[in-house]
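Take a look at the letters that make up each chain.
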Amino acid sequence: MNNLFEDRLSRIRERMAKACERAGRNPAMVNLLPVSKTHGPELVCEAAACGLTVFGENKVQEAKQKIPLCPSHLIWHLVGHLQTNKVKDAVRLFAVIHSVDSLKLLTAIDAAGELTGRVMPVFLEVNVAGESSKFGLAPADGPSVLNAANALKRVDVAGLMTIPPIAEEPEHARPFFKQLRELRDQWRQETGFALNELSMGMSHDFEVAIEEGATWIRLGTVLFGSREV
Ligand SMILES: *Cc1c(COP(=O)(O)O)cnc(C)c1O
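Everything quoted here is computed from the prediction, not taken from an experiment.

Chemist: Where do I start with the overall build of the protein in this structure?
Modeler: Along its length, the protein carries nine helices and eight strands. Rg of the C-alpha trace for the protein: 17 Å, near the compact-globule value of 17 Å for 229 residues, within the 12% margin. Here the C-alpha coordinates of the protein stretch approximately 50 × 40 × 30 Å along the principal axes. For the protein, the residues scored as buried account for 48% of the 229 residues in total. Excluding contacts between residues fewer than 6 apart, the proportion of contacts in the protein whose partners are at least 24 apart in sequence is 61%. Summed over its atoms, the accessible surface of the protein is roughly 10800 Å², and 52% of this surface lies on carbon and sulfur atoms. Averaging the locations of the 26 positively and 28 negatively charged side chains of the protein gives two centres separated by 4 Å.

Below, the structure written as structure tokens:
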């Protein structure tokens, strides 16, 4: 098989490997999360045929339509903002939630987990740049949310996620990725949470994110092409 998707994937894997090499990191520690939002099940099937098994979506409603039409062995991560009224669906559809941005949401996910009997791995989304247009916890609120999470039995706060400000130059994202890693190190000390996962880096800046310690890079456009909507 030799197609456009497979070519894109192998080029991305090469770029990931080079970034790991530059940073002296083990490539096995960096996970590619293909973000299939706006694209149909056909393209997901094509990606699955290349061996990809974990996919990201940013909207519960879209995922609810799409997931039943995709191969059943696939695993789905939610990367977009989650409203509390969609938590029950999210807990049913997704294996990991990257975008927990409040204690209220974390508590709602915990409560939904009580019903399903599952523990949901989640990442806290941090608004490192303090942009008013973005979701995410203020860095100052991280430790208190983590301390409160100690009491929740159905969520496992496994890491942090961020979306840096839009910039022309991938290098401009570096300080924000670095800041997320440093917050992680600090909160690890302060709270005892290991926070091993760092979900950071998208099509435009994933190599910089890998150099700064990303364990999940979330790739849409560079893998699936541009989005119509
Ligand atoms: C769409 C999206 C991505 C992927 O974006 P690209 O720039 O197309 O790679 C990553 N993370 C989140 C939260 C998204 O919504």
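Chemist: It is not clear to me how unusual backbone geometry should be interpreted in this structure. Could you clarify?
Modeler: What you tend to see is this: most non-glycine residues have negative phi, and most peptide bonds are trans. Residue T38 is not a glycine yet carries a positive backbone phi of 75 degrees. Residue position: T38 is located in the loop between strand 1 (31–34) and helix 2 (41–49).

Chemist: Can you help me understand helix 1 (residues 4–23) in this one?
Modeler: Think of an α-helix as turning once every 3.6 residues; residues three or four places apart then point the same way. Relative to the 28 Å expected for 20 residues at 1.5 Å per residue, helix 1 spans 29 Å between its end C-alpha atoms, a close match to the ideal helical length. Looking only at helix 1, the buried set comprises F5, L9, I12, M16, A19 and C20. What you see down the axis of helix 1 is that its buried residues fit within an arc of 100 degrees, all on one side. Of the exposed residues in helix 1, the ones pointing more than 90 degrees away from its buried face are L4, K18, E21 and R22. The opening residue of helix 1 is N3, an N-cap whose side-chain oxygen sits 3.2 Å from the backbone nitrogen of F5.

Chemist: What's the story with the pattern of salt bridges in this structure? I'm lost.
Modeler: Two side chains that carry opposite charge are able to pair once their charged atoms sit near each other. Within this structure, the stated rule accounts for 14 salt bridges. Between R15 and E207 there is a salt bridge; the shortest N-O distance is 2.8 Å. Within this pair, whereas R15 is found in helix 1, its partner E207 is found in helix 8 (residues 206–211), the two being separated by 192 residues in sequence. Between D89 and R92 there is a salt bridge, with the nearest N and O atoms lying 3.2 Å from each other. With D89 and R92 both in helix 4 (residues 87–93), this residue pair falls three residues apart, about one helical turn.

Chemist: Just checking my understanding: could you explain the packing of helix 6 (residues 142–149) against helix 7 (residues 174–191) for this structure?
Modeler: Between two packed helices, both the angle of their axes relative to each other and the distance between the axes serve to describe the pair. Interaxial distance between helix 6 and helix 7 falls to 10 Å at its minimum, and their mutual angle equals 45 degrees. When the interaxial angle is binned, helix 6 and helix 7 end up oblique. Like other packed secondary-structure pairs, helix 6 and helix 7 cross with a definite hand, here right-handed. Residue-level inspection shows G142, P143, L146 and N147 of helix 6 in contact with helix 7, the latter providing W187, E190 and T191. In the contact of helix 6 with helix 7, the residues fall into three nonpolar, three polar and one charged.

Chemist: What is the right way to look at the pairing of strand 5 (residues 120–125) in this model?
Modeler: Sheet faces and side chains relate simply in a regular strand, where the side chains alternate between the two faces. Within strand 5, five of the six residues are buried, leaving the element largely enclosed by the surrounding structure. Examined bridge by bridge, strand 4 (residues 96–100) and strand 5 share two bridges and lie parallel to one another. Within strand 5, the residue paired with I97 across the bridge is V122. Handedness of the crossover is the feature at issue here: the chain leaves strand 4, passes through helix 5 (residues 103–116), returns alongside strand 5, and the resulting connection is right-handed. Each parallel crossover has a hand, and for strand 5 linked through helix 6 to strand 6 (residues 155–161) it is right-handed.

Cut-offs used in this document
- Residues numbered from 1 in each chain as written.
- Predicted model: local features only at pLDDT ≥ 70, side-chain atom pairs only at ≥ 80, totals over all residues.
- Heavy atoms only, no water.
- Helix = DSSP H or I, 4+ residues; strand = E, 2+ residues; numbered from the N terminus.
- Rg over C-alpha atoms; globule rule 2.2 N^0.38 Å.
- Buried < 20%, exposed > 50% of the residue type's maximum accessible area, 1.4 Å probe, protein only.
- Contact = heavy atoms within 4.5 Å.
- Areas by Shrake-Rupley, 256 points an atom, 1.4 Å probe, with all protein chains shown as cover.
- Lys, Arg positive; Asp, Glu negative; His and termini not counted.
- Charge placed at Lys NZ, Arg CZ, Asp CG, Glu CD.
- Expected span 1.5 Å × (residues − 1).
- Arc of directions from axis to C-beta.
- Polar contact = N/O pair within 3.5 Å; in protein donor to acceptor, adjacent residues only side chain to side chain.
- Salt bridge = Lys/Arg side-chain N within 4 Å of Asp/Glu carboxyl O.
- Axes fitted to C-alpha atoms, helices over the stretch in contact; angles between N-to-C directions.
- Parallel < 35°, antiparallel > 145°, perpendicular 65-115°, else oblique.
- Left-handed = near helix turned anticlockwise from the far one by under 90°.
- Nonpolar A, V, L, I, M, F, W, Y, C, P; charged D, E, K, R; others polar.
- Pairing = 2+ DSSP bridges.
- Right-handed = clockwise from strand over helix to strand, strands pointing away.

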